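# Structural features, examined
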Amino acid sequence: MARAAHPKVLICEDEEIAALALETLLADEGFSVAVTHDGAAAVAAVEADGFDLVITDLQVPGLAGRALVHGLRRRLPIVPIIVMTGRPPEEGEAALDGAEGTLLLFKKPLNFDHLVAEAWRLTRGAGSG
Amino acid sequence: MRVLGDWLTTLFPTDGLAPHGFCLAWEPGLLWLHVFSDALTGLAYYSIPVVLIVLTWKRRDLGFGWVAALFAAFILACGSTHLLAVWTLWNPDYYVQGVVKAMTAAVSMATAVVLWPLLPRALATPTPEQMALVNGALQKEIEEKEVVASQLRDSEQRYASFFENVGEALFTFIVDSEGRFRVEMLNRKAAEGLAVEQAGLRGRSLREIFPDAVAVVLEERFRAACADGLVQEFEQVVPGADGSATWHTIVVPLDDGAGRPLKLLVTARDITARKQLEDEVLQTSKLATVGTMSAGIAHEMSQPLNAISLWATVARRKLGTPETSQVEQALTVIEEQALRMRKIIDHMRAFSRRDDGDIEAFDAAEAASQAVALMGREFNAADIALTVDLPSGDVLPVSGRPIQFEQVIVNLLANARDAVAARAAAAQQGSEPPRRVTVSGERRGETVVLTVQDSGGGIPPDVLGRLFEPFFTTKPLGRGTGLGLAICDRIIQSMDGRITAETVEAGTLDAGARFSIEVPLRRDRRAGNGEGGTSESADL
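Residues numbered from 1 in each chain as written. Chains lettered and ligands numbered in written order. Predicted model: local features only at pLDDT ≥ 70, side-chain atom pairs only at ≥ 80, totals over all residues. Heavy atoms only, no water.

## As for the overall build of chain A
On a plain count of helices and strands, chain A comes out with four helices and five strands. Its helices and strands in sequence order give chain A the pattern β-α-β-α-β-α-β-β-α, from N to C terminus. Burial analysis of chain A (129 residues in total) assigns 53% to the buried set. On chain A, roughly 5,500 Å² of surface is accessible, and the fraction owed to carbon and sulfur atoms is 50%. (Helix = DSSP H or I, 4+ residues; strand = E, 2+ residues; numbered from the N terminus. Buried < 20%, exposed > 50% of the residue type's maximum accessible area, 1.4 Å probe, protein only. Areas by Shrake-Rupley, 256 points an atom, 1.4 Å probe, with all protein chains shown as cover.)

Dropping the structure here:
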């Protein structure tokens, strides 16, 4: 499987120590990683720059939950989003999305090996132009 | 008769006088008519004084003794004149008769003279009819008194029975000359409470009937009651053979009307069961609060757990590579995050512990922040903006049990969140109300004020009055215990503070409820008090 070089990933996680681990692991995997710590900054980041994947916590300061997902989607309608949450909505992914574009829910604590496999799958073909 | 005749003849010469019978020409019929009439009249007269004497002797209460004596003399004298009239029929002793008549006249005059002034007194003497009436009235009065006395006896018996059988322990204590308190009376419940024979306790002193530790407290309270004449009310834990009991005691000093303490009326009620029930309710409410917080706690736990998991992956992947410093960093993070989890667990444990610990000094803002930390994520999840405006650096020092205070803030936050979410869910499209909750704290003089304000529409006026009543809830069955705010009220009261609720911005989109907690500033931080120490908050 040919891997694209350095797909661009945005991490939005208010737990800085967790964000740092994710950043380290994803960078080691070969992703090009940007990190924000609140929802509003994440939306601003996707408006300023394009990303191949957004990995975000659901309950972050600034803008959270459904509003955050909608904010991201407004700029990048079809970007795959991985939502990490300690408290997934009862209705699952459907509660957050409804529009086109992939949205995956990952429960915390994260299984990184599983997460990174999905990240590669979702960004296949990305980053190569 | 002859001897008396001779003696009279000597004293009063009768020479030349004819017996009176001569005047009657010794006519036998006429003679005997006079003899019989005078003799019978005389004898009758002689018998009357006897009656008078017997009467005055037996009824000295009549008060006419000497008048009766005068009467007796008068009648005796009259009788004598009649008998002498018989005598003079045959013997012309007219001198003797004259002298006796003169004496009779004297006695008669005297009697007549003293009798006249007696007339009003005699008239004033009640007649037997009047006496009967008075007697009847008296009799009636006596009967009525009997009835009252019997009622009094009944009443006394009733009260004695009431005293004896009432469900509270009752004592009366008297203060002896040495200032010691001695049992005067006690009822059955009191004897049961002391597990002793009732009869043997009368006259015993406090220290003789109560364990020392209990007696010391009672004595102090008794003295205080005697000193200021005010009722003392207190709760006391009394150790017993089968566990300790809590007694609620009221001491009422009774004085002698001049302000000197005479005796003490003591009522004591065993409130152990009520206390236990209260403890249960408090515990239940705390556990309900833990339930309220559980989602927030789960999130709080998942954060460090997530960090541990990710850093464990980092460590595993770096193991065996030259980047040993990253392995070290990962392990350090794992240790730190494990510690963070332990703190959350400790906090939860404190929350669900039965004993909230002793009253201590704490920062109200710090306790509120703890509550916010646990509940904050809930607000994010519900898309509610939670604004926290709490000063840091022990600006809001208070005295109480921090866990309980935190429980209050958690409850208020949960209510605020529910109110905002419920209003948002019911809102029409296009007129969505703001979704925000603000927690703020400040110091106003010697009072610490914390407010939790929401945009949940406010509290209906009919609910406002009952808000802090136990078991009052507006939430659907299974959602609220109705204890949350009642417990909040009790907790804040135990800190000598108060909690109030109001609706702000009523009628607008911004309408919401504002709960204000006002608690006195910790004693050692008040103006004019340099000393440390905790407040005398009531036990909860």
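Further notes follow.
## Here's the deal with the packing of helix α13 (residues 402-426) of chain B against helix α15 (residues 484-494) of chain B
All names here are of chain B. At their nearest, the axes of α13 and α15 sit 9 Å apart, and the two run at 145 degrees to each other. Seen from above, α13 lies across α15 with left-handed handedness. Contact residues: Gln-404, Phe-405, Gln-407, Val-408, Asn-411, Leu-412 and Asn-415 in α13; Gly-484, Leu-485, Ile-487, Cys-488, Ile-491, Ile-492 and Ser-494 in α15. The residue inventory of the contact of α13 with α15, partitioned by class, reads eight nonpolar, six polar and no charged. (Axes fitted to C-alpha atoms, helices over the stretch in contact; angles between N-to-C directions. Left-handed = near helix turned anticlockwise from the far one by under 90°. Contact = heavy atoms within 4.5 Å. Nonpolar A, V, L, I, M, F, W, Y, C, P; charged D, E, K, R; others polar.)

## Topic: unusual backbone geometry
Residue Lys-108 of chain A is joined to Pro-109 of chain A through a cis peptide bond whose omega torsion reads 0 degrees. Looking at where Pro-109 of chain A falls in the secondary structure, it is placed in the loop between β5 (103-107) and α4 (112-122). Even without glycine at this site, Ala-25 of chain B takes up a positive phi of about 55 degrees. Here Ala-25 of chain B lies in the loop between α2 (20-23) and α3 (28-58). Located in the positive-phi region is Asp-496 of chain B, a residue other than glycine, with phi close to 65 degrees. Mapped onto the secondary structure, Asp-496 of chain B falls in the loop between α15 and β11 (498-504).

## Some words on the interface of chain A and chain B
Facing the 26 residues of chain A at the interface are 25 residues of chain B. Across the chain A/chain B interface, buried area totals approximately 2,100 Å², and carbon plus sulfur atoms make up 52% of it. Residues Arg-316 of chain B and Asp-113 of chain A are paired through a salt bridge, measuring 3.0 Å at the closest nitrogen-oxygen approach. Counting across the interface, chain A meets chain B through nine residue pairs in polar contact (both at pLDDT 80 or more). At nine residues, the largest contribution of residues to the side of chain A that touches chain B is made by helix α1 (residues 16-29) of chain A. Its residues assigned to classes, the side of chain A that touches chain B shows 14 nonpolar, three polar and nine charged. (Buried area = accessible area lost by both parts, 1.4 Å probe. Salt bridge = Lys/Arg side-chain N within 4 Å of Asp/Glu carboxyl O. Polar contact = N/O pair within 3.5 Å; in protein donor to acceptor, adjacent residues only side chain to side chain.)

## Some thoughts on the pattern of salt bridges
Residues and elements named next belong to chain B. Scanning the model with the defined rule gives 30 salt bridges over all chains in all. Ionic pairing is found between Arg-182 and Glu-208, a salt bridge with its closest N-O pair at 4.0 Å. Of this pair, Arg-182 sits in strand β2 (residues 181-186) while Glu-208 is found in helix α8 (residues 206-209), placing the two residues 26 residues apart along the sequence. In this structure Arg-182 comes out as partly exposed when scored by relative accessible area, which is 22%. Residue class for Glu-208 comes out partly exposed when judged on its relative accessible area of 47%. Residues joined in a network through salt bridges with shared partners are Asp-176, Glu-178, Arg-180, Arg-182, Arg-204 and Glu-208.

## Remarks on a nonpolar patch on the surface
All names here are of chain B. Taken together, the side chains of Phe-22, Trp-26, Trp-32, Phe-36, Leu-40, Leu-43 and Trp-90 define a hydrophobic patch exposed on the protein surface, amounting to about 810 Å² of accessible area. The element best represented in the nonpolar patch is α3, accounting for four residues. With respect to the element layout, Trp-90 can be found in helix α4 (residues 65-90). (Patch = residues over 30% accessible without salt bridge, like charges linked within 9 Å, V, L, I, M, F, W, Y side chains within 5 Å.)

## Observations concerning the confidence of the model for chain A
Looking at chain A, the pLDDT average stands at 83 and 85% of residues meet or exceed 70. Across chain A, the secondary-structure element scoring lowest on mean pLDDT is helix α3 (residues 65-75) of chain A, at 80, and the one scoring highest is strand β2 (residues 32-36) of chain A, at 95. (pLDDT = per-residue confidence, 0-100.)

## A few points about the side chain of Thr-85 of chain A
Residue and element names in this part refer to chain A. Among the structural elements, Thr-85 can be located in strand β4 (residues 81-85). Under the relative-accessibility criterion, Thr-85 is labelled buried at 0%. Residues within four places of Thr-85 in sequence aside, it is in contact with Asp-57, Leu-58, Gln-59, Leu-105, Phe-106, Lys-107 and Lys-108.

## Observations regarding the side chain of His-347 of chain B
Residue and element names in this part refer to chain B. Assignment of secondary structure puts His-347 in helix α11 (residues 324-352). For His-347, a relative accessible area of 17% translates into the label buried. Setting aside anything within four residues of it in sequence, one finds His-347 in contact with Gln-370, Leu-374, Ile-403 and Glu-406.

## Looking at the packing of α3 of chain B against α4 of chain B
Geometrically, a packed helix pair is captured by the angle between its two axes and the distance between the axes. Residues and elements named next belong to chain B. Remark: α3 packs on α4, axes separated minimally by 8 Å, with the N-to-C direction vectors making an angle of 160 degrees. Taken together, the axes of α3 and α4 lie roughly antiparallel to each other. α4 is crossed by α3, and the crossing has left-handed handedness. (Parallel < 35°, antiparallel > 145°, perpendicular 65-115°, else oblique.)

## Notes on the nonpolar core
Among the nonpolar cores identified, the biggest contains 56 residues, and Met-293, Phe-405, Leu-413, Leu-450, Phe-515 and Ile-517 of chain B are the most heavily contacted of them. Counting 29 residues, the second-largest nonpolar core is a separate cluster that includes Ile-11, Met-84 and Leu-104 of chain A together with Ala-330 of chain B. (Core = buried A, V, L, I, M, F, W, Y, C linked by side-chain atoms within 4.5 Å.)

## Observations regarding the confidence of the model for chain B
Mean pLDDT over chain B stands at 85; residues scoring 70 or higher make up 95%. Within the model, the stretch residues 530-540 of chain B combines pLDDT values under 50 with 25 contacts to residues more than four positions away or in other chains.

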